Amino acid sequence: MTTGYAGLQSVIWADDRLDLLDQRLLPEEIVYLPLTTVEEVWEAIRHLKVRGAPAIGITAAYGVVLASRDERGGVSDWLARVLKAAEYLATSRPTAVNLFWALERMSAKAKTLAESGRDLETCKRELLEEAVAIQREDEETCRLIGEHALTLLKDGMGVLTHCNAGGLATAKYGTALAPIYLAKERGIDIRVFADETRPVLQGARLTAFELQQAGVDVTLICDNMAGMVMSKGWVDAVIVGTDRVAANGDVANKIGTYSVAVLAKAHGIPFYVACPLSTIDLGTPTGAEIPIEERSAEEVTEGFGKRTAPRGVKVFNPAFDVTPAEYVTAIITEKGIVRAPFSENLKKLFST
Ligand code: MRU
């Protein structure tokens, strides 16, 4: 069966509120949360109701709109609210640079609007249009990433992915999963192995769910099975998303990605990273400077309600790791495929 992409939309602007698909409840329940305040948006990002770098950025952009839309004073009071909201939302999660990229874009737009002499209602309307544009552009960007990534795949290949870099993590299609959906649309058979992705199980709950919904041949494996599956010759390429690419090509992504990259290298399998330009942070020189979020011990000791470790045990729970550039075969963006030397070639993306 060949179908087009028909995934759930994770972020929906609904005139006067933001409807957010609660990703913590998937795949069992499909619930949209109606958000009306910036505090609710902060909480939704912090607690993974929305997650995935591009989706976090889109949500934060709408959060700025929610924070400033009730201003009744003048344009300068409105601008102050926008900037305060952006500063506040920037504290929700530290690693995905798309969050800061979107907040900077919204702040810059608001400053330009305020300086232009437009009246308050026009400023509000045009700022909302900027958030809508961020979401629309992400959809187009993901489709282009998919087109470029598809040139690296052939009918009958097996692809392994980690975490969820699919439609749920973006406006549509995803980054790492975009070529899989395009392949499906075009009748090209790709088998996907989805790592379950401990401790929050984005691979099991989200990737397996959205690929299965689209009719893609997906097999769920525990994280510690990736090496075995590779040794069987079932994986022709690894494709993952990322939360931030440093200027030297080091890549931060969901914890466990680094292990997958090392395994891929040991088996001579290409390791591809798919992302929009908004995830590339030339201001961060290397992976060592990327802030890595640490999350609560409970995610490891009693994830999903059942205690699986002794009370009081010491826990280390980083949400992301850094894969050094030497393990990365190529970075696939909306502007094309970038290979080493990454320090030179990533820069070129921004100058053309
Ligand atoms: O903690 P999460 O679920 O927000 O982590 C998400 C990831 O690591 C994704 O791979 C990354 O954001 C890319 S999404 C296109």
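Residues numbered from 1 in each chain as written. Predicted model: local features only at pLDDT ≥ 70, side-chain atom pairs only at ≥ 80, totals over all residues.

1. Things to note about the overall build of the chain
Okay, so step 1: When helices and strands are counted, the chain shows eleven helices and 14 strands.
Okay, so step 2: For the chain, whose C-alpha radius of gyration is 20 Å, the value lies close to the compact-globule estimate of 20 Å for 352 residues.
Okay, so step 3: Once the C-alpha set of the chain is aligned to its principal axes, its extents read approximately 65 × 55 × 45 Å.
Okay, so step 4: Residues counted as buried form 49% of the 352 residues belonging to the chain.
Okay, so step 5: Summarising the internal contacts of the chain: among those between residues at least 6 apart in sequence, 76% fall at separations of at least 24. (Helix = DSSP H or I, 4+ residues; strand = E, 2+ residues; numbered from the N terminus. Rg over C-alpha atoms; globule rule 2.2 N^0.38 Å. Buried ≥ 20, exposed ≤ 12 C-beta atoms within 10 Å, placed from the backbone. Contact = placed C-beta atoms within 7 Å.)

2. Focus on helix 9 (residues 257–266)
Okay, so step 1: Inspection of helix 9 places T257, Y258, V260, A261, L263 and A264 among the buried residues, and these make up the whole buried set.
Okay, so step 2: On its buried side, helix 9 packs onto strand 5 (190–195), helix 8 (226–231), strand 7 (237–240), strand 9 (251–254), strand 10 (271–274) and strand 12 (320–323).
Okay, so step 3: Immediately beyond the C-terminal end of helix 9, within one or two residues, lies G268, with a positive phi of roughly 65 degrees.

3. As for the packing of helix 2 (residues 53–68) against helix 3 (residues 75–89)
Packed helices, taken two at a time, are described by their axes: the angle between them and the distance between them.
Okay, so step 1: Contact geometry for helix 2 and helix 3: axes closest at 9 Å, N-to-C directions at 140 degrees. The orientation of helix 2 with respect to helix 3, classified from their angle, is oblique. Where helix 2 crosses over helix 3, the two elements pack in a sense that is right-handed. Of the residues in helix 3, those in contact with A60, G63, V64, A67 and S68 of helix 2 are W78, R81, V82, A85, A86 and L89. (Axes fitted to C-alpha atoms, helices over the stretch in contact; angles between N-to-C directions. Parallel < 35°, antiparallel > 145°, perpendicular 65-115°, else oblique. Left-handed = near helix turned anticlockwise from the far one by under 90°.)

4. As for the sheet that holds strand 13 (residues 330–333)
Sheet strands line up and pair through hydrogen bonds in the backbone, either parallel or antiparallel.
Okay, so step 1: The mixed open sheet is built from seven strands, whose spatial order is 6-5-4-7-10-13-14. The sheet is open, and its two borders are formed by strand 6 (217–221) and strand 14 (336–338), each paired with just one other strand. On average, adjacent strands in this sheet sit at an angle of 25 degrees to one another, irrespective of strand direction.
Okay, so step 2: The pairing of strand 7 with strand 10 spans three bridges and is classified as parallel. Residue pairing for strand 10: V240 is matched across the bridge by V273. (Pairing = 2+ DSSP bridges.)

5. Comments concerning the environment of V11
Okay, so step 1: Assignment of secondary structure puts V11 in strand 1 (residues 11–13).
Okay, so step 2: By the C-beta count within 10 Å, which is 26 here, V11 ends up buried.
Okay, so step 3: In the structure, V11 is positioned 127 residues away from D138 in sequence and 12 Å away in space, judged by C-alpha atoms.
Okay, so step 4: Not counting residues within four places of it along the chain, the set of residues in contact with V11 comprises L20, V50, A55, I58, T59 and Q135.

6. Things to note about the site of the ligand
Okay, so step 1: Neighbouring residues of the ligand: 18 residues in total, closest R51, A53, A169, G241 and K254.
Okay, so step 2: Across the shell around the ligand, the residue classes tally to seven nonpolar, eight polar and three charged. (Near = placed C-beta within 6 Å. Nonpolar A, V, L, I, M, F, W, Y, C, P; charged D, E, K, R; others polar.)

7. Re the UniProt feature "site: Transition state stabilizer" (unreviewed entry) in the chain
Okay, so step 1: UniProt marks C163 with the feature "site: Transition state stabilizer" (unreviewed entry), using the numbering shown here.
Okay, so step 2: Along the chain, C163 falls in the loop between strand 4 (157–161) and helix 6 (178–185).
Okay, so step 3: Ignoring sequence-local partners within four residues, the contact set of C163 consists of T197, Q202, G203, V240, G241, N253 and K254. (UniProt positions renumbered as here; feature names shortened; annotations may be inferred.)

8. As for the environment of A90
Okay, so step 1: Looking at the element boundaries, A90 is found in the loop between helix 3 and helix 4 (97–115).
Okay, so step 2: The spatial distance from the C-alpha of A90 to the C-alpha of A102 is 9.9 Å, given a sequence separation of twelve residues.
Okay, so step 3: Non-local contacts of A90, meaning those with residues more than four positions away in its chain, are made with L99, F100 and L103.

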